[in-house]
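The chain contents come next:
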Amino acid sequence: MLTDPLDLKSLQAKKAFICDMDGVIYHGNRLLPGVPEFVDWLHQNDKAFLFLTNSSERSPRELKEKLSRLGIEVSTSNFYTSAPATAAFLAQQKPKGSAFVVGEPGLINALYEAGFSINDTAPDYVVVGDTRSYNYEKLEQACFLVQKGAKLIGTNPDVTAPSEKGIIPATGALLAPIELTTGMKAYCVGKPNPLMMRNGLRALGARREDTAIIGDRMDTDIIAGIESEIETVLVFSGVTRPEDLPHFAYRPNYQVSGVGQLVPL
């Protein structure tokens, strides 16, 4: 059942918002209804906000440019992705380490910036992120390297992602053949890992009590908020549908059809 608009006042009074992108702001290259009004409301009311996405394909600058093409103007500082989160984690674990990457330039550049080198023969890590260039050769090489001792890392555990054409495979689906072949379970840095949420709060400069997280997935966005003690808003514009809720042992604080419903009437 959708939250009554009158019951959204305490949510609308929050000082900061962490907002997912795929399924919340857009589907692929299609902006979702109510998004311009929602972003205008954030600006006009001096809300701190961060678009925090599990996708590792694009850099914050590329995401800014994408939203600009869709008619939404925000700063690059309003974005944080699983790519820099993964790079920061690995740089802490093994400074100046090396990785074999199955992913897009957004992830590769983040690893370079964190001091990592790319290595396809004897890397410290095999890192898998969202990519459209997945093929059997890369899968085979990743499996060989993990069997030789490289640690398996995923930028996020999402099995699927929404697009303008429908649901598509995401990082979790790309990791599955490697995990099944090698018997090794990947460590994933993105939501619902609390690391991602702590990074988001630091980037916002906000306290968790003053913040809400908005997402379209119960298994990543909502559980990430619950485990980080941040109020949660589930939108039904992406992956999770109302009929899916009985399958979960937890509930979001608010349920809305899309972000446009969060704008006061």
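Residues numbered from 1 in each chain as written. Predicted model: local features only at pLDDT ≥ 70, side-chain atom pairs only at ≥ 80, totals over all residues. Heavy atoms only, no water.

## A word on the environment of T171
With respect to the secondary-structure elements, T171 resides in helix 7 (residues 171–182). Remark: the alpha-carbon pair of T171 and L245, spanning 74 residues in sequence, is separated by 23 Å. Contact partners of T171, with chain neighbours within four places excluded, come to V128, G129, D130, T155, N156 and D158. (Helix = DSSP H or I, 4+ residues; strand = E, 2+ residues; numbered from the N terminus. Contact = heavy atoms within 4.5 Å.)

## Quick notes on the nonpolar core
Of all hydrophobic cores here, the largest spans 30 residues; its most connected members are F38, F51, L67 and I214. Here this core takes five residues from helix 2 (residues 35–44), the largest share from any one element. The residues touching I214, leaving out its near neighbours within four places in the chain, are F17, I18, C19, D20, V24, F38, V233, V235, V259 and L262. Counting residues in each nonpolar core, the second largest holds 28 residues, with L90, V101, L107 and I230 among its members. (Core = buried A, V, L, I, M, F, W, Y, C linked by side-chain atoms within 4.5 Å. Buried < 20%, exposed > 50% of the residue type's maximum accessible area, 1.4 Å probe, protein only.)

## Observations concerning the sheet that holds strand 6 (residues 98–102)
The sheet built from five strands is open, its strands ordered 7-6-8-9-12 with parallel pairing. Because the sheet does not close on itself, it has two edges, and the strands there are strand 7 (117–118) and strand 12 (187–188). Pairing analysis gives two bridges linking strand 9 (residues 151–154) to strand 12, with the strands arranged parallel. Opposite G154, over in strand 12, you have C188 as the bridge partner. Sheet strands in contact with helix 6 (residues 136–147) are strand 6, strand 8 (125–128) and strand 9, and its direction is about 150° off that of strand 6. (Pairing = 2+ DSSP bridges. Axes fitted to C-alpha atoms, helices over the stretch in contact; angles between N-to-C directions.)

## Quick notes on helix 8 (residues 194–204)
Side chains three or four residues apart in an α-helix point the same way, a direct result of the helix having 3.6 residues per turn. All of the buried residues in helix 8 are M196, M197, N199, G200, L201 and L204. The inward-facing, buried residues of helix 8 contact strand 1 (16–19), strand 4 (48–53), strand 5 (79–81), helix 4 (82–93), strand 13 (211–215) and helix 9 (218–227). G205 lies just past helix 8 and shows a positive phi near 70°.

## Comments concerning the pattern of salt bridges
Enumeration over the complete set of coordinates arrives at nine salt bridges. Between K14 and E231 there is a salt bridge whose closest N-O contact spans 4.0 Å. Taken together, the positions of K14 in the loop between helix 1 (9–12) and strand 1 and E231 in strand 14 (residues 231–235) put the pair 217 residues apart, joining distant regions of the chain. We classify E231 as partly exposed; its relative accessible area is 27%. Ionic pairing is found between R207 and E209, a salt bridge with its closest N-O pair at 3.6 Å. In this structure E209 comes out as partly exposed when scored by relative accessible area, which is 41%. Each member of the salt-bridge network shares a partner with another, and the members are D20, K191 and D221. (Salt bridge = Lys/Arg side-chain N within 4 Å of Asp/Glu carboxyl O.)

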